[in-house]
Amino acid sequence: MRAGRLLLCASAILGGAAIAHWTTPKYVRALPTQEPAARTSDSAPTLSAAEAPPFDDDANANVVRIADPISFEHDSFGESFRDGITITGETQHRFILFTFDDGPDFRTTPRLLDLLDQNHVKAVFFVAGYRIDGNYPLAQRQAAIARDIVRRGHIIGNHTENHLGLPSLETDEAITQIESAEAAIVRATGRRPFLFRPPYGAHSPRIDHLVQERGYTMMLWNIGTGDYQVRTAEDVLNIWRRAYDIRMRQEGQRGGIILLHDTHAWSVEAFQLIYNDIQRRNCELLAAGEELFDIVGDPSVFFAPRSERGTELAAAPKTEPPAELLDARQELLRDEAQTRCGALALR
């Protein structure tokens, strides 16, 4: 990972009303009745994009949809979030969304997918086109992993073709970076994405316009982990803790979007450590009668359409869901935490 990558601070602090996505019933995949079989990097599929059978989200008999007005609709390509205002992750509530950049990598991403399955967590993967683009074996293998990301219920987003800082490029070069990655994702998976993350979080009004006119919603982050600067999962965990605590103490942001990279083995293992830390914190919050962390599987809670908010806003407002829906989600979380934390206390 380039040493010059910058941790991005959210660009604006804006007030806002309830987000439209909270107001309509959503659907969610039922959790599998069995834990997924363990998979290693060496067992990643090697079919080319042309050889891969078309996937169908509803083709798997073990996947069903259940009505749930306080859950989020699964959308593997983010089409529900097209044409939105830039997402920063700023929120006064303890919503957490995991995102992973720069992959897929055959050495690390399959392990991460297994960990996400085991913890019933859905995430957003921002894919670099060059990793899945081409007819050579490595690209074909990683294109198959991109399809596996979709099959497992995660969202894929565009992270440009070659991971170049867009503001430093000429306009036609920046367009090529965006569109080449999109084409690579289409070849690998059969559909285009609608979420976009600029490399290094670097963007400008010119780049914002190029992204918006192609129907993308730009998604940044507000909780960095510094995982490109360290080499152990424990170091990543410690940076997460410091970054989160600083955001909460100085800016009142109690949740948001976490940035990790699925190209580092230590980042993959750090996901589990961060997840465990969140669950530990939830036991403490439960005992204190405070709002619990709510790990969400897509950016619904952070999203605001441009058509509703107007293009004059540079970034989506802080998330403020309707009180009754927040209360309903928290009730479910407290029930789960009561059982889990009680079991831990007996050990």
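Here is what the cut-offs are and how they apply
- Throughout, residues of each chain are indexed from 1 in the direction in which the sequence is written.
- In view of the model being predicted, local features appear only for residues whose pLDDT reaches at least 70, and side-chain atom pairs are presented and counted only at 80 or more, with totals across whole chains, interfaces and linings using the full set of residues.
- Here the side-chain values reflect all heavy atoms present in the structure, with hydrogen atoms and water set aside.
- Numbering of helices and strands runs from the N terminus, with a helix taken as a DSSP run of H or I at least four residues long and a strand as a DSSP run of E at least two residues long.
- Throughout this description, the term salt bridge denotes a Lys or Arg side-chain nitrogen within 4 Å of a carboxyl oxygen of Asp or Glu.
- In this scheme, a residue with accessible area under 20% of its type's maximum is buried, one over 50% is exposed, and one in between is partly exposed, where area comes from a 1.4 Å probe on protein chains only.

Below, the discussion takes up unusual backbone geometry. Residue Gly-103 is joined to Pro-104 through a cis peptide bond whose omega torsion reads 0 degrees. As for its placement among the helices and strands, Pro-104 is situated in the loop between strand E3 (95-101) and helix H1 (109-118). Positive phi outside glycine occurs at His-163, with the angle close to 60 degrees. Among the secondary structure elements, His-163 is positioned in the loop between strand E5 (155-158) and helix H3 (171-189).

It is worth spelling out the pattern of salt bridges at this point. Counting across every chain of the model gives 24 salt bridges. Between Asp-133 and Arg-187 there is a salt bridge, with its nearest N and O atoms 2.7 Å apart. Of the two residues, Asp-133 sits in the loop between strand E4 (124-127) and helix H2 (137-151) while Arg-187 sits in helix H3, which places them 54 residues apart along the sequence. Under the relative-accessibility criterion, Asp-133 is labelled partly exposed at 22%. Exposure remark for Arg-187: the relative accessible area of 47% places this residue in the partly exposed category. Between Glu-336 and Arg-340 there is a salt bridge; the shortest N-O distance is 3.1 Å. On the criterion of helical spacing, the pair formed by Glu-336 and Arg-340 is a turn pair, its members being 4 residues apart in helix H8 (residues 323-346). We classify Glu-336 as partly exposed; its relative accessible area is 39%.

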